[in-house]
Amino acid sequence: MIPAGIGRVPAGFPSPSQDYSDTKIDLTKMLIRDELSTFIVRVSGDSMEGAGIYDGDELIVDRSINPRDGHVVVAVVDGDMTVKRLRVTSSGVVLQAENAEYPDVEVAELSDLMVWGVATTCLHHL
């Protein structure tokens, strides 16, 4: 539990009157749907910067979520783990990079693909 401190903070013009609160926020309840199936992984690399995921960020990954087209997933392709956006097309599965400098990974029919989990939250350090 972390003290809430203040209610809402304007991102535009500063407000001289703020409502201060002594309530607490439970980050586990706020960020994690299924505690037993949720893990935190640290991102290495910049292939997902277009999705707001940067090198060194932590992702909250829920293994209980059924992966669908458009989800950001942690996947294992032929033994190599990666973070990409899952695209299910008529021609097969594509793991899409969110950085133009990286190619998408078209998963070959005979490749071994396991979607390890679905990223639900990115913890980005300022």
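Coordinates for the structure precede this section.
This write-up is about the structure you can find in this document. From a predicted model like this one, the values you see are computed outputs, not experimental measurements.

1. Concerning the layout of surface pockets
Part 1 of the argument: Of the voids in this model, the largest pocket is the one considered here, and its volume is about 230 Å³.
Part 2 of the argument: In terms of lining residues, the largest pocket is bounded by 14 residues, among which Val43, Ser44, Met81, Thr82 and Val83 are the most central.
Part 3 of the argument: Looking at the lining of the largest pocket, the elements with two or more residues in it are strand 3 (38-42) and strand 6 (80-89).
Part 4 of the argument: Ranked by residue count, the leading element in the lining of the largest pocket is strand 6, at 4 residues.
Part 5 of the argument: In the lining of the largest pocket, the residues fall into 7 nonpolar, 4 polar and 3 charged.

2. Section: the sheet that holds strand 8 (residues 105-106)
Part 1 of the argument: Across the sheet, 7 strands lie side by side as 3-4-9-5-6-7-8; this open sheet has antiparallel pairing. Each edge of the open sheet carries a strand with a single partner, namely strand 3 and strand 8.
Part 2 of the argument: Sheet topology places strand 4 (residues 58-62) next to strand 9 (residues 113-123); 5 bridges connect them, and they run antiparallel. Residue pairing for strand 9: Leu59 is matched across the bridge by Cys122.

3. A look at unusual backbone geometry
Part 1 of the argument: Here the phi dihedral of Asp78 falls at roughly 50°; this positive angle occurs in a residue that is not glycine.
Part 2 of the argument: Secondary-structure assignment places Asp78 in the loop between strand 5 (72-77) and strand 6.

4. Topic: the pattern of salt bridges
Part 1 of the argument: Across all of its chains, the model carries 4 salt bridges by this definition.
Part 2 of the argument: For Arg42, the salt bridge identified is with Glu58, shortest N-O distance 2.5 Å. Of this pair, Arg42 sits in strand 3 while Glu58 sits in strand 4, and the two are 16 residues apart along the sequence.
Part 3 of the argument: The residue Arg85 makes a salt bridge to Glu98 at a minimum N-O spacing of 2.6 Å. One end of the pair, Arg85, is in strand 6; the other, Glu98, is in the loop between strand 7 (92-96) and strand 8, with 13 residues separating them in the sequence.
Part 4 of the argument: By relative accessible area, Arg85 is classed as buried at 17%.

5. Some thoughts on the nonpolar core
Part 1 of the argument: Val41, Val43, Met48, Ile53, Leu59, Val61, Val72, Val74, Val83, Trp116 and Ala119 together form the largest nonpolar core, which totals 11 residues.
Part 2 of the argument: Contributing elements (two or more residues each) for this core: strand 4, strand 5 and strand 9.
Part 3 of the argument: Beyond its immediate chain neighbours, meaning those up to four positions away, Ile53 contacts Val43, Met48, Leu59, Val72 and Cys122.

6. Some thoughts on the environment of Ala51
Part 1 of the argument: Residue position: Ala51 is located in the loop between strand 3 and strand 4.
Part 2 of the argument: Those residues in contact with Ala51 that sit more than four places away from it in its chain are Arg85 and Glu98.

7. Re the side chain of Ser47
Part 1 of the argument: Inspection of the secondary structure assignment puts Ser47 in the loop between strand 3 and strand 4.
Part 2 of the argument: Since its relative accessible area comes to 11%, Ser47 is described here as buried.
Part 3 of the argument: A polar atom in the side chain of Ser47 sits 3.0 Å from the side chain of Lys84.
Part 4 of the argument: Each residue touching Ser47, except ones within four places of it in the same chain, is listed here: Val83, Lys84, Ala97, Glu98, Asn99 and Tyr102.

Quick notes on the rules
- Residues numbered from 1 in each chain as written.
- Predicted model: local features only at pLDDT ≥ 70, side-chain atom pairs only at ≥ 80, totals over all residues.
- Heavy atoms only, no water.
- 1 Å grid on protein atoms, 1.4 Å probe; cavity = no way out; pocket = protein on both sides within 12 Å on 5 of 7 lines; lining within 4 Å.
- Points joined across faces, edges and corners; volume = space filled by probe spheres on them.
- Helix = DSSP H or I, 4+ residues; strand = E, 2+ residues; numbered from the N terminus.
- Nonpolar A, V, L, I, M, F, W, Y, C, P; charged D, E, K, R; others polar.
- Pairing = 2+ DSSP bridges.
- Salt bridge = Lys/Arg side-chain N within 4 Å of Asp/Glu carboxyl O.
- Buried < 20%, exposed > 50% of the residue type's maximum accessible area, 1.4 Å probe, protein only.
- Core = buried A, V, L, I, M, F, W, Y, C linked by side-chain atoms within 4.5 Å.
- Contact = heavy atoms within 4.5 Å.
- Polar contact = N/O pair within 3.5 Å; in protein donor to acceptor, adjacent residues only side chain to side chain.

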